[in-house]
Amino acid sequence: MKIAVINGSPKKSDSASTTLLKDLKTCFPKEISFIDYDLRVSTMSPDIIEEFNQFDALVFAFPLYVDGIPSHLLSCLCEIETYGIENKAIHVYAIANCGFYEGKQNRNALHIMQNWCEKVGLIWGQGIGVGGGGALSSLGKVPLGKGPKKNLGTAFNQLAAHILAGTSADNIYLSINFPRFLYKWAGQLGWRQSIKANKLKVKDLGRRL
Amino acid sequence: MALIISDVESKLLNLKDEDIIIENNGHIHPCIGCFGCWVKTPGRCIIKDDYSDTGEKLGKCNELIIVSKCTYGSYSPFVKNVLDRAISYIHPDFVIRKGEMHHKRRYDNSIIMKVYFYGEAISEQEKETARNLAKANAVNYDGLVQKVVFLKSRDELRGMSL
């Protein structure tokens, strides 16, 4: 079985998408290998699109931007549609994560991916919408299925089973296992630390131009 | 004042003198997810191109008119790029709105959204996604969607009162 793992985060390192894809890979038997792709810019080479034909599954991971797909990734999806993919047996799976607590807020981005599959003629497999994405890169060492990653572990095991079986299933929406009020507090503390590190004051967070 | 974000030539649009239009000059950079617009240059995107002040422009408008090709139920890559680069319109802190986590307001203005999607073969599923996307944007802006219109071609925009 050949699986492409496509990271749609624009960040070179420490992205939530990177953490999520790393965790997902632990749900597969050891003999399964993956080919990794990074789509960080708004264009991709036709050679890469051509390579996609060899896979049984394309697994995308990306951050939620303004309720949808980041524009650079959307642009790549358009290029794939224009170029075309001949292998219509490919299943597409997607993991969207958002900084908001509720995984359900990723629903429109996953529906956009689903609509893209329809246009390109690929098979929509399943989407996972992860809430609390702002905490993920700092939870890199927490094993999947434990503590704040308990719900994630359950969802990823189901996703991996569907990828291996080449089956489709309903999207799953989840939040990290961490209280919302604490996540909100920690997030806001993070903004205060960042703005101070930039030699600005906390009140500048609300600066009006 | 209306702010118009459009991926069609402005000559097709029925604009008022006071309207501000953001269109594609072919040199827009994508958002890199750095949050510099919240913690380095609050209110303004740190990427230096013609689109770094869109958040500020959103803060001064009362109508946001979006004209875009419907792309899988999303805005087109250009229109989405402008919106991705404009999150400085909102404040990084969180509020709970309608039971969900969203961002606080930075500005006091209230945005009314009108969205015009065009495309030859927009499916019912894409229309539903597009309506929900506009609605979700409005919740995040703490504004309202006045209308979402689907057109078969961009030519239908000619002379139309937006």
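Per an unreviewed UniProt entry, chain B is named Flavodoxin family protein, and its organism is Zhenhengia yiwuensis.

In the annotation of an unreviewed UniProt entry, chain A is listed under the name Multimeric flavodoxin WrbA and assigned to Zhenhengia yiwuensis.

Student: I'd like to hear about the pairing of strand S3 (residues 63-69) of chain B, residue by residue, with values.
Tutor: Residue and element names in this part refer to chain B. The element S3 is largely enclosed, with a buried count of five among its seven residues. Pairing between strand S1 (residues 2-6) and S3: five bridges, direction parallel. Bridge pairing in S3 places Ala2 opposite Glu63. Bridge count between S3 and strand S6 (residues 112-118): seven bridges; the pairing is parallel.

Student: Would you mind going over the pattern of salt bridges in detail, with residue names and values included?
Tutor: Following the criterion strictly, the structure yields 19 salt bridges over all chains and no others. When the shortest N-O distance is used, the salt bridge between Arg207 of chain A and Asp204 of chain A registers 3.6 Å. By relative accessible area, Arg207 of chain A is classed as partly exposed at 30%. Residue Asp204 of chain A is classed as buried on the basis of its relative accessible area, which comes to 15%. A salt bridge links Arg208 of chain A to Asp108 of chain B; its shortest N-O distance comes to 3.1 Å. On the criterion of chain membership, the pair formed by Arg208 of chain A in the segment after helix H6 (180-197) and Asp108 of chain B in the loop between strand S5 (100-105) and S6 is interchain, its members lying in two chains. When its relative accessible area of 47% is taken as the criterion, Arg208 of chain A is described as partly exposed. Shared partners join several salt bridges into a network, and the residues in it are Arg44, Glu56 and Lys60 of chain B.

Student: Break down the nonpolar core for me, with residues and values.
Tutor: Counting 107 residues, the largest nonpolar core has Phe60, Ile95 and Trp116 of chain A as the members making the most contacts within it. In terms of residues, this core owes the most to one element, helix H4 (residues 107-120) of chain A, which gives seven residues. The two domains that each donate at least three residues to this core are domain 1 (2-178) and domain 2 (180-209) of chain A. Beyond its immediate chain neighbours, meaning those up to four positions away, Trp116 of chain A contacts Phe60, Leu77, Ile80, Glu81, Val92 and Leu122 of chain A together with Tyr72 of chain B. In terms of nonpolar packing, the next biggest core, distinct from the first, is built from twelve residues, Ala2, Leu12, Leu13 and Tyr118 of chain B among them.

Student: Describe the environment of Ala16 of chain A, naming the residues involved and giving the relevant values.
Tutor: Residue and element names in this part refer to chain A. Along the polypeptide, Ala16 turns up in helix H1 (residues 16-25). On the accessibility criterion, Ala16 (14% relative accessible area) is buried. The sequence separation of Ala16 and Ala135 amounts to 119 residues, and the corresponding C-alpha distance is 8.0 Å. Residue contacts for Ala16: discarding those within four places in its chain leaves Asn97, Gly133 and Leu136.

Student: Now, about the pairing of strand S4 (residues 91-98) of chain A: what can you tell me, with residues and values included?
Tutor: Residues and elements named next belong to chain A. Most of S4 sits out of view: eight of its eight residues are buried. Here S4 shows a buried face lined by His91, Tyr93, Ile95 and Asn97 and a second buried face lined by Val92, Ala94, Ala96 and Cys98. By the bridge criterion, seven bridges tie strand S3 (residues 57-63) to S4 in an arrangement that is parallel. If you follow Phe60 over to S4, its bridge partner there is Ala94.

Student: Please give an account of the environment of Leu58 of chain A that cites residues and values.
Tutor: All names here are of chain A. Tracing the chain through its elements places Leu58 in strand S3. A C-alpha to C-alpha distance of 6.2 Å links Leu58 and Tyr93, two positions 35 residues apart in sequence. Excluding anything up to four places from it in sequence, Leu58 contacts Ala4, Ile6, Phe52, Ile90, His91, Val92, Tyr93 and Leu122.

Student: Account for the packing of helix H3 (residues 71-83) of chain A against helix H3 (residues 77-84) of chain B, naming residues and giving values.
Tutor: Helix packing for two helices is described by the angle between their axes and how far apart those axes are. Two elements in contact, H3 of chain A and H3 of chain B, have axes separated by 8 Å at closest approach and are oriented at 170 degrees. Classified by the angle their axes make, H3 of chain A and H3 of chain B are roughly antiparallel. When H3 of chain A is examined against H3 of chain B, the residues Ser71, Leu74, Ser75 and Cys78 of chain A are found in contact with a partner set consisting of Pro77, Lys80, Asn81 and Asp84 of chain B. Counted by class, the contact of H3 of chain A with H3 of chain B contains three nonpolar, three polar and two charged residues.

Student: I'd like a description of the packing of H4 of chain A against helix H4 (residues 124-141) of chain B, backed by residues and values.
Tutor: For the pair H4 of chain A and H4 of chain B, the least separation of the axes is 10 Å and the interaxial angle reads 155 degrees. As far as their axial angle goes, H4 of chain B and H4 of chain A are roughly antiparallel. Remark: the crossing between H4 of chain A and H4 of chain B carries left-handed chirality. Residues Asn108, His111, Ile112, Gln114, Asn115 and Lys119 of chain A of H4 of chain A form the contact with H4 of chain B, whose participating residues are Gln125, Glu126, Thr129, Asn132, Leu133 and Ala136 of chain B. Across the contact of H4 of chain A with H4 of chain B, the residue classes break down as three nonpolar, seven polar and two charged.

Rules used in this analysis
Residues numbered from 1 in each chain as written. Chains lettered and ligands numbered in written order. Predicted model: local features only at pLDDT ≥ 70, side-chain atom pairs only at ≥ 80, totals over all residues. Heavy atoms only, no water. Buried < 20%, exposed > 50% of the residue type's maximum accessible area, 1.4 Å probe, protein only. Helix = DSSP H or I, 4+ residues; strand = E, 2+ residues; numbered from the N terminus. Pairing = 2+ DSSP bridges. Salt bridge = Lys/Arg side-chain N within 4 Å of Asp/Glu carboxyl O. Core = buried A, V, L, I, M, F, W, Y, C linked by side-chain atoms within 4.5 Å. Domains from an automatic or database assignment. Contact = heavy atoms within 4.5 Å. Axes fitted to C-alpha atoms, helices over the stretch in contact; angles between N-to-C directions. Parallel < 35°, antiparallel > 145°, perpendicular 65-115°, else oblique. Nonpolar A, V, L, I, M, F, W, Y, C, P; charged D, E, K, R; others polar. Left-handed = near helix turned anticlockwise from the far one by under 90°.

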